[in-house]
Number of protein chains: 2
Amino acid sequence: MDGHGPVAAEAAGASKPYRKRKGEGHERREEILAAARSVFVAEGYEHATIRKIAAKAGVSSTALYLYFPDKDAILLEICDKAFGKLVARFEAIRNDGGTLVERLRRLMEAYLRFGLAHPDEYRLIFMTKQAIPMPFDHRTGADMPQGTPGANGAKAFAGLRDLVSALIQDGTLKGEDPNLMAEVIWASGHGLVSLLITMPTFHWSPVDQLIPAMIDAQLNGVLRKAG
Amino acid sequence: MDGHGPVAAEAAGASKPYRKRKGEGHERREEILAAARSVFVAEGYEHATIRKIAAKAGVSSTALYLYFPDKDAILLEICDKAFGKLVARFEAIRNDGGTLVERLRRLMEAYLRFGLAHPDEYRLIFMTKQAIPMPFDHRTGADMPQGTPGANGAKAFAGLRDLVSALIQDGTLKGEDPNLMAEVIWASGHGLVSLLITMPTFHWSPVDQLIPAMIDAQLNGVLRKAG
DNA sequence: CGCTAACCTGATCAATGATAACTTAAACGC
DNA sequence: GCGTTTAAGTTATCATTGATCAGGTTAGCG
């Protein structure tokens, strides 16, 4: 009992087929992802080991390598799916009512709250040395192949950048280069999220003061007249 | 030859004493720190293993545990020393000439450039899940015991906070709570540094545009009139 | 000399990510 | 039915990692 080996498929009673039918490996893949997800959110990145995930999925640890090249690929896929929700949220906000400035404000708040609500995913996507390839060239706008890990992270940035671009064009926002300004805005938001995640023991001001303070400071600093 | 064991003390020729005299263990401690530093900056945090450090120091891997409780303690001490330079820099800037606003601007730029110049140290202090204890209560101002790991990181923040406090008192800076405003300013700077470190493959605008853009945005957003 | 405490080592552990070689059963052709 | 192929999984095993343990050696003192 060393962590290897399959777990009795279904606790008690009749045994279910312990192996997928031919051509249905993708189901096992999904099961592994689900198991990985639960281990990952429960124990965090570092403690989500291959063996724990395998045990939870009811397969041997090696089975994971049939469906994923390595551990990072599994967790990255989970995180990228989580970011899919943020992208959807961004899309909704961009097509929302209200002025462009109001939308930018909501976008920033959505980003901050999302990061704080999913700290492990956020950390894996935006705070690990294993820099996500980011094969998406947001400068030329060339789309990256769908399904690429990190695609949703890049999409989210593109959403911000497009909104910033519109604000520059109608003269509301200072500066000329939408990429530069979007990078600055992103960085300031990222700074708050990542510091709060990394240093929970620091004596922070209440988050509900920090979030508007950060957004106000950025908007005031970046808009031609107070937002 | 498994990575254990002492390395021939001095490549060729007469052997030097392979053991420190009694009462001179602190020298060995310094040698280990120096070896750790060189491995750390050369190979980065993850690849700075106990065994590599020990080999470079010319002692067995076990010897490291005579002087440090664990691996993190070694690297943290190195990083904290590096941050000592930043603190000194901050102190110099705060006692500098120029207006308070000019000092704040220089402080921010110094922080950004320091982080980008020492990415591995920066990462270990401010970007690892192993949240530094931060036993320093910057709210009450109670000093933490000297030598505590992370002390210099906390000191640096205190330096920023005090400058912000002075700016609020003389009416130049918006807001009321110096801690809140300092946290916002810190976070925005940290965001830029950490993103640049984490995602080197992203198509960033040139750093020499990003740094002033970020500083201008923050200062404009946070000062009562444009800085 | 002989003792003691500081200094340092080799052997070893448990956990981790990953690979190689082998087994089992499902599907297909006949 | 019956063999063959091959997807699906397993067991055994590696190398590496941080860390501990029990012991050995030597400096320095009385």
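Above this text is the structure in question.
Okay, so let's go over this structure.

1. Concerning the overall build of chain A
Here comes step 1: Counting secondary structure elements, chain A contains nine helices and zero strands.
Here comes step 2: For chain A, the N- to C-terminal ordering of α and β elements is α-α-α-α-α-α-α-α-α.
Here comes step 3: A buried classification covers 47% of the 227 residues belonging to chain A.
Here comes step 4: Just so you have it, chain A exposes about 10900 Å², and 54% of that area is on carbon and sulfur atoms.

2. Let's talk about the nonpolar core
As a rule of thumb, soluble globular proteins bury nonpolar side chains together.
Here comes step 1: Residues Trp-186 of chain A together with Trp-186 of chain B are the most contacted members of the largest nonpolar core, which totals 143 residues.
Here comes step 2: When near neighbours in sequence (up to four residues on either side) are disregarded, Trp-186 of chain A contacts Tyr-111, Phe-126, Phe-157 and Leu-160 of chain A together with Leu-195, Met-199, Phe-202 and Trp-204 of chain B.

3. Some thoughts on the relation of the copies chain B and chain A
Here comes step 1: Between chain B and chain A, which share one sequence, the superposing operator has a rotation angle of 180 degrees and an axial displacement of 0.0 Å; the RMSD is 0.1 Å. Expressed as a symmetry operation, the mapping of one chain copy onto the other fits a two-fold axis.
Here comes step 2: The fraction of interface residues of chain B whose copies in chain A are also interface residues reaches 100%, indicating that both copies meet through the same surface.

4. Things to note about the side chain of Gln-218 of chain A
Here comes step 1: Of note, Gln-218 of chain A is situated in helix α9 (residues 207-222).
Here comes step 2: For Gln-218 of chain A, a relative accessible area of 1% puts it in the buried group.
Here comes step 3: In contact with Gln-218 of chain A, not counting residues within four places along its chain, are Met-108, Val-184, Ile-185 and Ser-188 of chain A together with Met-214, Ala-217 and Gln-218 of chain B.

5. Section: the interface of chain B and chain A
Here comes step 1: Contacts between the two partners involve 46 residues from chain B, matched on the other side by 46 residues from chain A.
Here comes step 2: Roughly 3900 Å² of surface becomes buried between chain B and chain A when both sides are summed, with 68% attributable to carbon and sulfur atoms.
Here comes step 3: One can count zero salt bridges joining chain B with chain A.
Here comes step 4: Inspection of the chain B/chain A interface yields four residue pairs in polar contact (both at pLDDT 80 or more).
Here comes step 5: Secondary-structure elements contributing two or more residues to the side of chain B that touches chain A are α6 (119-126), α8 (178-198) and α9 (207-222) of chain B.
Here comes step 6: With 13 residues, the single largest contributor to the side of chain B that touches chain A is α8 of chain B.
Here comes step 7: Residues that form the side of chain B that touches chain A fall into these classes: 23 nonpolar, 15 polar and eight charged.

6. Quick word on the pattern of salt bridges
Residues and elements named next belong to chain A.
Here comes step 1: Here the structure, examined in full by the defined rule, presents 22 salt bridges over all chains.
Here comes step 2: Between Arg-29 and Glu-77 there is a salt bridge, with its nearest N and O atoms 2.6 Å apart. Placement of Arg-29 in helix α1 (residues 25-43) and of Glu-77 in helix α4 (residues 71-94) is noted, with a sequence separation of 48 residues between them.
Here comes step 3: Its relative accessible area of 22% is what places Arg-29 among the partly exposed residues.
Here comes step 4: Taking relative accessible area as the criterion, Glu-77 reaches 24% and is therefore assigned partly exposed.
Here comes step 5: Across the pair Asp-96 and Arg-106 runs a salt bridge whose closest N-O atoms are separated by 3.1 Å. Pair noted here: Asp-96 is in the loop between α4 and α5 (100-117) and Arg-106 is in helix α5, with a separation of ten residues, a long-range link.
Here comes step 6: Residue Arg-106 is classed as partly exposed on the basis of its relative accessible area of 31%.
Here comes step 7: Shared partners join several salt bridges into a network, and the residues in it are Glu-91, Arg-94, Arg-161 and Asp-162.

7. Description of the packing of aromatic side chains
Here comes step 1: By the definition in use, this model includes 24 aromatic pairs over all chains.
Here comes step 2: Here Phe-83 of chain A and Phe-126 of chain A contribute two aromatic rings whose centre-to-centre distance is 5.3 Å and whose plane-to-plane angle is 85 degrees, an arrangement assigned as edge-to-face. Taken together, the residues Phe-83 of chain A in helix α4 and Phe-126 of chain A in helix α6 (residues 119-126) connect sequence positions 43 residues apart.
Here comes step 3: A relative accessible area of 2% means that Phe-126 of chain A is categorised as buried.
Here comes step 4: Feature note: the residues Phe-83, Tyr-111, Phe-114, Tyr-122, Phe-126, Phe-157 and Trp-186 of chain A together with Phe-202 and Trp-204 of chain B constitute an aromatic cluster, connected by ring pairs.
Here comes step 5: Lying across the ring of Tyr-45 of chain A, Lys-71 of chain A places its NZ or CZ 4.8 Å from the centre.

8. Topic: the packing of helix α8 (residues 178-198) of chain A against α9 of chain B
Here comes step 1: In the contact formed by α8 of chain A and α9 of chain B, the axes pass within 10 Å of each other and the chain directions differ by 60 degrees. Of the two elements, α8 of chain A crosses α9 of chain B, and the hand of that crossing is right-handed. Here Leu-180, Glu-183, Val-184, Ala-187 and Ser-188 of chain A of α8 of chain A come into contact with α9 of chain B, specifically with Gln-209, Leu-210, Ala-213, Met-214 and Ala-217 of chain B.
Here comes step 2: Residue composition of the contact of α8 of chain A with α9 of chain B, by class: seven nonpolar, two polar and one charged.

Calculation rules
Residues numbered from 1 in each chain as written. Chains lettered and ligands numbered in written order. Predicted model: local features only at pLDDT ≥ 70, side-chain atom pairs only at ≥ 80, totals over all residues. Heavy atoms only, no water. Helix = DSSP H or I, 4+ residues; strand = E, 2+ residues; numbered from the N terminus. Buried < 20%, exposed > 50% of the residue type's maximum accessible area, 1.4 Å probe, protein only. Areas by Shrake-Rupley, 256 points an atom, 1.4 Å probe, with all protein chains shown as cover. Core = buried A, V, L, I, M, F, W, Y, C linked by side-chain atoms within 4.5 Å. Contact = heavy atoms within 4.5 Å. Least-squares fit on C-alpha atoms with pLDDT ≥ 70 in both. Buried area = accessible area lost by both parts, 1.4 Å probe. Salt bridge = Lys/Arg side-chain N within 4 Å of Asp/Glu carboxyl O. Polar contact = N/O pair within 3.5 Å; in protein donor to acceptor, adjacent residues only side chain to side chain. Nonpolar A, V, L, I, M, F, W, Y, C, P; charged D, E, K, R; others polar. Phe/Tyr/Trp six-rings, centres within 6.5 Å; stacked < 30°, edge-to-face > 60°. Lys NZ or Arg CZ within 6 Å of the ring centre and 35° of its normal. Axes fitted to C-alpha atoms, helices over the stretch in contact; angles between N-to-C directions. Left-handed = near helix turned anticlockwise from the far one by under 90°.

Function cannot be inferred from these measures alone, as they are strictly geometric.
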